[in-house]
Amino acid sequence: MIASSIQLVFGLALIFAPHLFAARSEATRLRRLQEIREGDSERYFEEERDLLAYGSDHRYLQFWRVIGASVAAVAALDLIEQSGIISG
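These numbers were taken from a predicted model, which means no experiment stands behind them.

Caption draft 1: Seen up close, the overall build of the chain. A count of helical and extended segments in the chain gives four helices and zero strands. The linear arrangement of helices and strands in the chain, starting from the amino end, is α-α-α-α. Radius of gyration (C-alpha) of the chain: 19 Å, far over the 12 Å computed for a compact globule of 88 residues. The principal-axis extent of the C-alpha atoms belonging to the chain is close to 65 × 20 × 20 Å. Sequence separation of 24 or more characterises 59% of the internal contacts of the chain that already satisfy a separation of 6 or more.

In structure tokens, the structure reads:
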């Protein structure tokens with residue numbers, strides 16, 4: 001029951017605040033942008049432009065929201081089953 005509660009909280013956090021889990025991605029993007037500005041060669045055509053234009057990838061955040069919804073749904077169903085409201 002405790003594990004399911006923790007999973008539910010984690011799933012809800014992913015749904016409502018996925019940017020908290022994307023901090024590493026944003027830091028990596030900013031670091032790479034700085035490296036290019038300091039003279040490092042681009043890994044692919046117009047990498048700097050891509051890094052400037054898109055920032056944190058919205059699709060990446062949506063992916064984590066879907067994962068969070070899945071985790072929260074499974075945890076909620078597990079908690080409901082453990083409470084005896086439904087039996088599986």
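There is more to say, and it comes next.
Caption draft 2: Focus on the side chain of Glu47. Residue position: Glu47 is located in helix α3 (residues 47–54). When near neighbours in sequence (up to four residues on either side) are disregarded, Glu47 contacts Arg32, Ile36 and Glu42.

Caption draft 3: Structural context of the pattern of salt bridges. One pass over the full model with this rule turns up six salt bridges. Arg32 serves as the salt-bridge partner of Asp40, at 2.7 Å between the closest nitrogen and oxygen. In this structure Asp40 comes out as partly exposed when scored by relative accessible area, which is 39%. You can call Arg32 buried: its relative accessible area is 4%. The shortest N-O distance in the salt bridge between Glu47 and Arg32 comes to 3.0 Å. Here Glu47, found in helix α3, pairs with Arg32, found in helix α2 (residues 23–37); they are 15 residues apart in sequence, far enough to count as distant. The network of salt bridges with shared partners includes Arg31, Arg32, Glu35, Asp40 and Glu47.

Caption draft 4: Highlighting unusual backbone geometry. With a phi close to 60°, Glu46 is a non-glycine residue in the positive phi region. Structurally, Glu46 is set in the loop between α2 and α3. For Glu46, a relative accessible area of 33% puts it in the partly exposed group.

Caption draft 5: Just the packing of aromatic side chains, in detail. For the structure on display, the rule yields one aromatic pair. A ring pair is formed by Phe63 and Trp64, whose centres lie 5.2 Å apart and whose planes are at 75°; its orientation type is edge-to-face.

Caption draft 6: A look at the environment of Ser70. Looking at where Ser70 falls in the secondary structure, it is placed in helix α4 (residues 58–83). Along the backbone, Ser70 and Leu12 are 58 residues apart, and their C-alpha atoms lie at a distance of 9.7 Å.

What counts and how
- Residues numbered from 1 in each chain as written.
- Predicted model: local features only at pLDDT ≥ 70, side-chain atom pairs only at ≥ 80, totals over all residues.
- Heavy atoms only, no water.
- Helix = DSSP H or I, 4+ residues; strand = E, 2+ residues; numbered from the N terminus.
- Rg over C-alpha atoms; globule rule 2.2 N^0.38 Å.
- Contact = heavy atoms within 4.5 Å.
- Salt bridge = Lys/Arg side-chain N within 4 Å of Asp/Glu carboxyl O.
- Buried < 20%, exposed > 50% of the residue type's maximum accessible area, 1.4 Å probe, protein only.
- Phe/Tyr/Trp six-rings, centres within 6.5 Å; stacked < 30°, edge-to-face > 60°.

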